[in-house]
Each structure stands twice: as structure tokens, then as C-alpha cells.
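So the chains spell out like this:
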Amino acid sequence: MTTSVAPAVRSSEPATAPPVAPGIDDGCCAASDDALMDADRAACLAAVFKALSDPTRVRLVGYLASAHGGTVCACHLPGRLGISQPTQSHHLKTLAGAGIVTREQRGRWAHYTVVPEALDVARDYLGTSIGSARCC
């Protein structure tokens, strides 16, 4: 079975732009080159946002950030997260890789601490213009 496609209909009249409301300049102007974020800074921010793009990791960061003393032993992480220990380790490794938490081995157990400056990077970017945001 063959199907045929109808040829496109072309108008002989030139295309016209939609009408512009009175008092509105329809001239297009390019954004300043200064508005484009540095590639290294964009990669840093993307790594932070990618690490925080998982709800379990967001919950872990919230739990760690609110911990008394600022540090939590891996053995005390809440079981109510509903994830296995290997999955928990994967999430913590991802957060550590993005610089959001630090990991310190104390004997048999790993202790995790949130790095406030890493969260400040995201907070600053979301709360201010591109020109004044800072990154890693």
C-alpha cells in the first residue's frame, strides 16, 4: 500500500510580519555578550542542580542540614527513606561528588556533613541575576 503526500501550497504573495501595536518597537536587539554565563560556572551549577534533582537526595540534604552538630553517621540515617543501604550510599556519593556534602571516615562508619557554601551557590544563583552569582 502506498501513500502519497500532497505537495506544499506556496503563495505568490510575500510573507508579512504580524501587525505591531502602536508605541511598541518591534526591532530585535541581541542580548549583551556579558549576559552569557561562563562555561565553567554553568557546569558547576549544573552539577549542583543535577545532584539535587532527585527527591531522595533533597531529603538527605535536608536531614543532614538540620542534624544536631551538623554531622550524621551513616548508621543513623533514617530507614524511613525507604531505600536500601547500597542505594543510600549511591545518593550520598552523588551528593559528595557535587560538593554538597563531605564524607569523613571515622573507624568503621562514614560521617556526612552538608557544605553550606555549596548550597549558597545555588541559592545565590536562584536569588540574583547572572552577573552577581558566584560559583565554585
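If you're wondering where the values come from, they're calculated on a predicted model, not measured in any experiment.

Chemist: Pulling in residues and values, what's your account of the overall build of the protein?
Modeler: Scanning the protein for helices and strands turns up four helices and three strands. Reading the helices (α) and strands (β) of the protein from amino to carboxyl end gives α-α-β-α-β-β-α. Among the 136 residues that make up the protein, the fraction classed as buried is 25%. Of the roughly 10,000 Å² that the protein leaves accessible, carbon and sulfur atoms contribute 57%.

Chemist: Quick rundown of the nonpolar core? Include the residues and the values.
Modeler: General note: in soluble globular proteins, nonpolar side chains tend to be found buried as a group. If you look at the biggest cluster of nonpolar residues, it comprises 21 residues, and the most contacted ones within it are Leu-64, Leu-95, Ile-100 and Val-101. Counting only elements with at least two residues in this core, the list comes to helix H1 (39-51), helix H2 (55-65), helix H3 (85-97), strand E3 (109-114) and helix H4 (116-127). Leu-95 has contacts with Ala-51, Leu-52, Arg-57, Leu-60, Val-61, Ile-100 and Val-101, leaving out every residue within four places of it along the chain.

What counts, and where the lines are drawn
- Residues numbered from 1 in each chain as written.
- Predicted model: local features only at pLDDT ≥ 70, side-chain atom pairs only at ≥ 80, totals over all residues.
- Heavy atoms only, no water.
- Helix = DSSP H or I, 4+ residues; strand = E, 2+ residues; numbered from the N terminus.
- Buried < 20%, exposed > 50% of the residue type's maximum accessible area, 1.4 Å probe, protein only.
- Areas by Shrake-Rupley, 256 points an atom, 1.4 Å probe, with all protein chains shown as cover.
- Core = buried A, V, L, I, M, F, W, Y, C linked by side-chain atoms within 4.5 Å.
- Contact = heavy atoms within 4.5 Å.

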